[in-house]
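Listed below, chain by chain, are the residues.
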Amino acid sequence: MNITLIGFMGSGKTTVANALSQQLEIEQNDLDEMVLQRTGLTIPEYFEQYGEAKFRKLEMDNLQLALATGGILSTGGGTPMQANNFKLIQEANTATVFLNAQDNTITHHLIHDGIEERPLFKQLGIDGIIKLKHERQLTYEQLADVIIDVDHKSPELIVNELMEKLSEVNSND
Ligand SMILES: Nc1ncnc2c1ncn2[C@@H]1O[C@H](COP(=O)(O)OP(=O)(O)OP(=O)(O)O)[C@@H](O)[C@H]1O
Ligand SMILES: O=C(O)C1=C[C@@H](O)[C@@H](O)[C@H](O)C1
Ligand SMILES: [Mg+2]
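Quick caveat: nothing in here was measured; it's all calculated off a predicted structure.

Help me out: how do you make sense of the UniProt feature "binding site: ATP" (unreviewed entry) in the chain in this one?
Mapped onto the present numbering, the UniProt feature "binding site: ATP" (unreviewed entry) falls at Gly10, Ser11, Gly12, Lys13, Thr14, Thr15 and Arg118. Among the annotated residues just listed, those that line the largest pocket are Gly10, Ser11, Gly12, Lys13, Thr14, Thr15 and Arg118. Within the secondary structure layout, threonine 14 lies in helix α1 (residues 13–24). The contacts of threonine 14, once residues within four sequence positions are left out, are Gln28, Asp30 and Ser74. Turning to its location among the elements, threonine 15 is positioned in helix α1. On the basis of relative accessible area, threonine 15 is assigned to the partly exposed category, the value being 45%.

Shown next, in the form of structure tokens:
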């Protein structure tokens, strides 16, 4: 089973992918984690040393590798915004699940993790990040096979809802 999680930064893609991978006993890849595996640098370190444009090139390369591997994939928040990446995900043999969060859920999660974790949050601040979230919303919706509202739900509840919705989509095929 191939599942790709998309959504804004802090919506819970990595968290839900971990829970999903444990429950289904399927291999999981995380595009942000692949940066660390391949370069030895965390996302903030990579942005600091090479900047966002180089990060986006590496992200596309990692996306191609991960989609070819299959299994569960958590993308970065900005991954589907590049037209090439959108097309790669759309054409891959994977169910695409959008984790949709309200602004205050994102704010809560990002502040909890701290500004050092996410370079764009550090650059843009809360107001800028919420504006970016609104700009990206339609692209996530257009790419999704399934949309899950994640607010006030535990990762386990989100996994259960996700599996139910995916089986509905598959039975309608
Ligand atoms: N359903 C949830 N309930 C409570 N806390 C959550 C939930 N989902 C995520 N979190 C918390 O929110 C923070 C961000 O989650 P996570 O790193 O999974 O987001 P992400 O979508 O992978 O972000 P990014 O796009 O930056 O990779 C983490 O601290 C995580 O523990
Ligand atoms: O939303 C974004 O553009 C990003 C989200 C993170 O997952 C990382 O990929 C990086 O911090 C950029
Ligand atoms: Mg993540």
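Would you mind showing me how to read the layout of surface pockets here?
Using a probe with the size of a water molecule, rolled over the atoms, empty space left in the structure can be pinpointed. There is about 1,000 Å³ of room inside the largest pocket. Contributing to the lining of the largest pocket are 41 residues, with Met9, Gly10, Thr14, Asp113 and Arg118 lying nearest its centre. Among the elements of the structure, α1, α2 (31–39), α3 (43–69), α5 (103–113), α6 (119–143) and α7 (155–172) are those that each provide at least two residues to the lining of the largest pocket. Here the residues of the lining of the largest pocket sort into 13 nonpolar, 16 polar and twelve charged.

Could you clarify how one ought to interpret the pattern of salt bridges in this entry?
When the charged atoms of two side chains lie near each other, side chains of opposite charge can form a pair. In the structure shown here, the tally under the stated rule is nine salt bridges. The partner of aspartate 61 in a salt bridge is arginine 38, with the nearest N and O atoms 3.1 Å apart. Of this pair, aspartate 61 sits in helix α3 while arginine 38 sits in helix α2; the two residues are 23 residues apart in sequence, bridging distant segments of the chain. Here aspartate 61 falls in the partly exposed class, since its relative accessible area comes to 33%. The salt bridge involving glutamate 116 is made with lysine 122; its shortest N-O contact spans 3.0 Å. Taking relative accessible area as the criterion, lysine 122 reaches 47% and is therefore assigned partly exposed. Through salt bridges with shared partners, a single network forms among Glu52, Arg56 and Glu59.

Got a minute to help me understand the site of ligand 2 in this structure?
What surrounds ligand 2 is the set Met9, Asp32, Ile43, Phe55, Arg56, Gly76, Gly77, Gly78, Pro119, Leu120 and Arg136. Within the contact set of ligand 2, an oxygen atom lies 3.2 Å away from a backbone nitrogen or oxygen of glycine 78. Protein coverage of the free-state accessible area of ligand 2, which is 310 Å², stands at 96%. When each cavity is represented as a set of grid points, ligand 2 is found to reside in the largest pocket. For the shell around ligand 2, the per-class residue count stands at five nonpolar, three polar and three charged.

In this structure, what is going on with the packing of aromatic side chains? I would like to understand it.
When we look at a pair of aromatic rings, we describe it by the centre distance and by the angle of the planes. Counted according to the given criterion, the structure contains four aromatic pairs. In this structure an aromatic cluster arises from ring pairing among Tyr46, Phe47, Tyr50 and Phe55.

Explain the packing of α3 against helix α4 (residues 83–91) to me, please; I cannot follow it from the model alone.
Relative orientation and spacing of two packed helices are given, respectively, by the angle between their axes and the distance between those axes. Contact geometry for α3 and α4: axes closest at 10 Å, N-to-C directions at 5 degrees. On the basis of the axis angle, α3 is roughly parallel to α4. Touching Glu59, Met60, Leu63, Gln64 and Leu67 of α3 are Asn84, Asn85, Leu88 and Ile89, all from α4. Split into classes, the residues belonging to the contact of α3 with α4 amount to five nonpolar, three polar and one charged.

Explanation requested: the nonpolar core in the structure shown.
Nonpolar side chains tend toward joint burial in soluble globular proteins. By size, the foremost hydrophobic cluster in this structure holds 47 residues, and its most contacted members are Ile3, Val97, Ile129, Ile148 and Leu162. Setting aside chain neighbours within four positions, we find isoleucine 148 in contact with Val97, Phe98, Leu99, Asn100, Ile158, Glu161, Leu162 and Lys165.

Help me understand the site of ligand 1 in this model?
The immediate surroundings of ligand 1 are formed by 18 residues, with Lys13, Thr14, Thr15, Asp113 and Arg118 found nearest. Glycine 12 places a main-chain nitrogen or oxygen 3.0 Å from an oxygen atom of ligand 1. Within the side chain of histidine 109, an N or O atom sits 3.3 Å from an oxygen atom of ligand 1. For ligand 1, whose unbound accessible area comes to 640 Å², protein coverage reaches 77%. Judged by the fraction of its atoms near the pocket grid, ligand 1 is located in the largest pocket.

Reading guide: rules and limits
- Residues numbered from 1 in each chain as written.
- Chains lettered and ligands numbered in written order.
- Predicted model: local features only at pLDDT ≥ 70, side-chain atom pairs only at ≥ 80, totals over all residues.
- Heavy atoms only, no water.
- UniProt positions renumbered as here; feature names shortened; annotations may be inferred.
- 1 Å grid on protein atoms, 1.4 Å probe; cavity = no way out; pocket = protein on both sides within 12 Å on 5 of 7 lines; lining within 4 Å.
- Helix = DSSP H or I, 4+ residues; strand = E, 2+ residues; numbered from the N terminus.
- Contact = heavy atoms within 4.5 Å.
- Buried < 20%, exposed > 50% of the residue type's maximum accessible area, 1.4 Å probe, protein only.
- Points joined across faces, edges and corners; volume = space filled by probe spheres on them.
- Nonpolar A, V, L, I, M, F, W, Y, C, P; charged D, E, K, R; others polar.
- Salt bridge = Lys/Arg side-chain N within 4 Å of Asp/Glu carboxyl O.
- Near = heavy atom within 4 Å.
- Polar contact = N/O pair within 3.5 Å; in protein donor to acceptor, adjacent residues only side chain to side chain.
- Areas by Shrake-Rupley, 256 points an atom, 1.4 Å probe, with all protein chains shown as cover.
- Sits in = over half its atoms within 2 Å of the grid points.
- Phe/Tyr/Trp six-rings, centres within 6.5 Å; stacked < 30°, edge-to-face > 60°.
- Axes fitted to C-alpha atoms, helices over the stretch in contact; angles between N-to-C directions.
- Parallel < 35°, antiparallel > 145°, perpendicular 65-115°, else oblique.
- Core = buried A, V, L, I, M, F, W, Y, C linked by side-chain atoms within 4.5 Å.

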